[in-house]
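# Structural characterization, general
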Amino acid sequence: MTDSRIERVKSLIKDHPDFPKPGILFRDIFPVLRNPAVFQELLDVMVEQVKAKAPNVELIVGLESRGFLFGPSIALKLNCGFAPVRKKGKLPGEKESVAYALEYGTDIFEVQKEAFKPGQSVVIVDDLLATGVQ
Ligand SMILES: O=P(O)(O)OC[C@H]1O[C@H](OP(=O)(O)OP(=O)(O)O)[C@H](O)[C@@H]1O
Ligand SMILES: Nc1ncnc2[nH]cnc12
């Protein structure tokens, strides 16, 4: 069944061919955030998806930076904590790191070790999948 809320979200995502490099079709999600009714519907859908697929979730993790636009709101709705995955050098304390390559660059992600407990149920939130590497 089509979810009309998702159709409204999709209708606001703007395509930018050849940004930031030739050959990349950039999908700009910011028009969705400029429309509070549709932004709210998107958050509602994301919360419903997490409840359905990870009913015992204990921590929402968001990927810098666009994952930060959704993760904390979803976490509050679910009464969960939120922890950021940040690009290298931004987080203090003991960290775990992983290097990755994405559609138009490479980088290193870090998390604070203290943000996670062994065996915890975690959901990772982001804005979109391109290669799926992140
Ligand atoms: O499916 P993938 O190939 O992993 O690509 C998708 C990821 O790339 C973008 O983030 P980016 O690192 O460009 O950073 P930004 O959110 O700070 O713009 C996007 O927000 C996703 O996190
Ligand atoms: N095609 C794309 N559009 C928007 N953001 C991206 N991040 C990585 N690939 C992207």
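Attention in this report is confined to the structure presented alongside it.

The rules behind each value
- Residues numbered from 1 in each chain as written.
- Chains lettered and ligands numbered in written order.
- Predicted model: local features only at pLDDT ≥ 70, side-chain atom pairs only at ≥ 80, totals over all residues.
- Heavy atoms only, no water.
- Core = buried A, V, L, I, M, F, W, Y, C linked by side-chain atoms within 4.5 Å.
- Buried < 20%, exposed > 50% of the residue type's maximum accessible area, 1.4 Å probe, protein only.
- Helix = DSSP H or I, 4+ residues; strand = E, 2+ residues; numbered from the N terminus.
- Contact = heavy atoms within 4.5 Å.
- Phe/Tyr/Trp six-rings, centres within 6.5 Å; stacked < 30°, edge-to-face > 60°.
- Near = heavy atom within 4 Å.
- Polar contact = N/O pair within 3.5 Å; in protein donor to acceptor, adjacent residues only side chain to side chain.
- Areas by Shrake-Rupley, 256 points an atom, 1.4 Å probe, with all protein chains shown as cover.
- Nonpolar A, V, L, I, M, F, W, Y, C, P; charged D, E, K, R; others polar.

### Topic: the nonpolar core
Among soluble globular proteins, nonpolar side chains are generally buried collectively. In terms of nonpolar packing, the biggest core is built from 20 residues, with Val 50, Val 57, Ile 60, Phe 70, Ile 74 and Leu 78 touching the most fellow members. Sort the elements by how many residues they give to this core and helix H3 (residues 36-53) lands first, with 7 residues. Excluding its chain neighbours within four sequence positions, the residues that come into contact with Phe 70 are Ile 29, Leu 33, Phe 39, Leu 42, Leu 43, Met 46, Val 125, Asp 126 and Asp 127.

### Quick look at the packing of aromatic side chains
Tallied over the entire structure, the rule returns 4 aromatic pairs. Here the aromatic rings of Phe 39 and Phe 70 are separated by 6.0 Å at their centres, their planes lie at 85°, and the arrangement is edge-to-face. In this pair, Phe 39 sits in helix H3 while Phe 70 sits in the loop between strand S3 (59-63) and helix H4 (71-77), placing the two residues 31 residues apart along the sequence. In this pair, the class of Phe 39 matches that of Phe 70, namely buried. Both rings, one in Phe 68 and one in Phe 82, keep their centres 6.2 Å apart while their planes meet at 90°; by these two values the pair is edge-to-face. Of this pair, Phe 68 sits in the loop between S3 and H4 while Phe 82 sits in strand S4 (residues 81-87), and the two are 14 residues apart along the sequence.

### Comments concerning the site of ligand 2
Contacts to ligand 2 come from Leu 25, Phe 26, Arg 27, Arg 66, Glu 103, Tyr 104, Leu 128 and Ala 130. Residue Leu 25 places a main-chain N or O atom 2.8 Å away from a nitrogen atom belonging to ligand 2. Between ligand 2 and Arg 66, the relevant distance is 3.0 Å, taken from a nitrogen atom to a side-chain nitrogen or oxygen of the residue. When ligand 2 is considered free in solution it has 260 Å² of accessible area, and contact with the protein chains removes 89% of it. For the shell around ligand 2, the residue count by class is 5 nonpolar, no polar and 3 charged.

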